[in-house]
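# Secondary and tertiary structure notes
As a plain string of letters, each chain reads:
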Amino acid sequence: MRILLIEDDQQLCQALKLQLEHAGYQVDCVYHGADAVYYALQPVYDLMILDRMLPGLDGLSLLRLIRENQIQTPVIVATAVDTVQERIAGLDGGADDYIGKPYDMEELLARVRALVRRPAAIDPAKLLTYGDLEYNVQSHELSAHGKRQQLSRREALLMEYFMQNPEKTLARNLLFGRVWGPDGLVEDGNLDTYIYYLRKHLRTLKSEAGISTVHGLGYRLEKTV
C-alpha cells in the first residue's frame, strides 16, 4: 500500500516515513504545499497524511483541490491547531480523519489501519479475486487451480493494481506511478519487463486471465480463454 505523506517539517517527515515503512507501507514524502499538488492528483496512492499548515498552499486548500478533482483517496489531516472548529473545517473540506499534533505513532498507525479497512479500500487481510485467480495482498502469492506463485515486491505492486481494476485499461504512467512513484527514475522498458514476468506467472498457473496490451495506452487484466 502506498501512502503520500505531506509534511513541511522534513525531519519529522523522514522519521514518520521510516516508521510507516517499518509497518509495511510504501511512503512518498512532500514538504511544500504547492509541490504536493502534483503528487496528490496522481491516482496511485491508497492514503494521504496531510499537514494542516503548509508553505505555498495550506492543507485545507490542497484538500479541497484534491476533492474538486474527484480524487477520493482517504486523507488524514494532522494539525497542531486541534480545535473543534478546525476539525469541522477539515471534515467539511473532505478529510476522512483528523489527528492532533503531537500525536503518538501507534495512534496514527491505528487510524491508518482503520481507514484502509473501509469497504472502499482494500483490506490487506483479504484475497483479491478475478476469474480463477486469487491474489493474497499480504503474502504476495498469486494462485489458481491449487497452484501458487510467489511474486517479488514490484511484481506484487503491479498485480495488486491489476486485481483492483480488472477489465480496465491502466495507462502506462499510472502503472509507473504505482510501482516506482511519480518521481521514479526508471527506464521505460522496466515496466514491460515486469509485465512479462506477470504473464509468465499466469501461464504457469494456467489461468484463464491474462494481461493484454492496449496499444498506445497501457495494459489490461482480462479473461483471455
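Thresholds, definitions, all that
- Residues numbered from 1 in each chain as written.
- Predicted model: local features only at pLDDT ≥ 70, side-chain atom pairs only at ≥ 80, totals over all residues.
- Heavy atoms only, no water.
- Helix = DSSP H or I, 4+ residues; strand = E, 2+ residues; numbered from the N terminus.
- Rg over C-alpha atoms; globule rule 2.2 N^0.38 Å.
- Contact = heavy atoms within 4.5 Å.
- Phe/Tyr/Trp six-rings, centres within 6.5 Å; stacked < 30°, edge-to-face > 60°.
- Buried < 20%, exposed > 50% of the residue type's maximum accessible area, 1.4 Å probe, protein only.
- Lys NZ or Arg CZ within 6 Å of the ring centre and 35° of its normal.
- pLDDT = per-residue confidence, 0-100.
- Polar contact = N/O pair within 3.5 Å; in protein donor to acceptor, adjacent residues only side chain to side chain.
- Pairing = 2+ DSSP bridges.
- Axes fitted to C-alpha atoms, helices over the stretch in contact; angles between N-to-C directions.
- Parallel < 35°, antiparallel > 145°, perpendicular 65-115°, else oblique.
- Left-handed = near helix turned anticlockwise from the far one by under 90°.
- Nonpolar A, V, L, I, M, F, W, Y, C, P; charged D, E, K, R; others polar.
- Salt bridge = Lys/Arg side-chain N within 4 Å of Asp/Glu carboxyl O.

The next subject is the overall build of the protein chain. Across its full length, the protein chain carries 8 helices and 12 strands. A globule of 225 residues ought to have a C-alpha radius of gyration of about 17 Å, and the protein chain, at 19 Å, matches this closely. In terms of its C-alpha atoms, the protein chain occupies a principal-axis envelope of roughly 55 × 35 × 30 Å. Counted over contacts in the protein chain with a minimum sequence separation of 6, partners at least 24 positions apart contribute 56%.

Considering all chains together, one arrives at 3 aromatic pairs under this definition. Both rings, one in Y38 and one in Y39, keep their centres 5.4 Å apart while their planes meet at 80°; by these two values the pair is edge-to-face. A relative accessible area of 42% means that Y38 is categorised as partly exposed. Ring-pair connections join several aromatic residues into one group, and the members of that group are Y194, Y196 and Y197. The positively charged end of K223 is found above the aromatic ring belonging to Y130, 5.7 Å away from the centroid.

Turning to the confidence of the model for the protein chain, a few remarks are in order. For the protein chain, the mean per-residue pLDDT works out to 86, and 92% of the residues sit at or above 70. The low-confidence segment residues 120-125, where pLDDT is below 50, has 10 contacts with residues more than four positions distant or belonging to other chains.

What follows is about the side chain of D51. The topology assignment puts D51 in strand β3 (residues 47-51). Within the structure, the side chain of D51 is placed 3.2 Å from the side chain of K101, a separation counted as a polar contact. When neighbours within four sequence positions are excluded, D51 is seen to be in contact with I6, E7, D8, G59, A78 and K101.

This part covers the sheet that holds strand β5 (residues 97-100). One open sheet accounts for 5 strands, arranged β2-β1-β3-β4-β5; its pairing is parallel. One side of each edge strand has no neighbouring strand; the edge strands of this open sheet are β2 (26-30) and β5. Strand after strand, the sheet turns through a mean of 20° between neighbouring axes, direction not considered. Across 4 bridges, β3 lies against strand β4 (residues 75-79) in parallel orientation. Bridge assignment links M48 to a residue of β4, and that residue is V75. Docked against the sheet, helix α5 (residues 105-116) engages β1 (2-6), β3, β4 and β5, running at close to 180° with respect to β5.

Before going further, it helps to examine the packing of helix α1 (residues 10-22) against α5. Remark: α1 packs on α5, axes separated minimally by 11 Å, with the N-to-C direction vectors making an angle of 55°. Comparing their axes, α5 and α1 come out oblique. Handedness of the α1/α5 crossing: right-handed. Contacts from L16, Q19 and L20 of α1 reach α5 at M105, L108 and L109. Residues of the contact of α1 with α5, tallied by class, amount to 5 nonpolar, 1 polar and no charged.

In this fold, T73 is placed in the loop between α3 (59-68) and β4. In the structure, T73 is positioned 141 residues away from V214 in sequence and 26 Å away in space, judged by C-alpha atoms. If near-sequence neighbours (up to four positions away) are discounted, T73 is found in contact with Y45, D46, L47, M48, R67 and D96.

Applying the stated criterion to the full structure yields 12 salt bridges. Via salt bridges that share partners, E7, D51 and K101 belong to a single interconnected network.

The next thing to look at is the pairing of strand β12 (residues 218-223). Taken together, the 3 bridges between strand β10 (residues 169-171) and β12 define a ladder with antiparallel strand orientation. If you follow T169 over to β12, its bridge partner there is R220. For strand β11 (residues 209-214) and β12, the ladder comprises 6 bridges, and the chain directions are antiparallel. Bridge assignment links V214 to a residue of β12, and that residue is G218.

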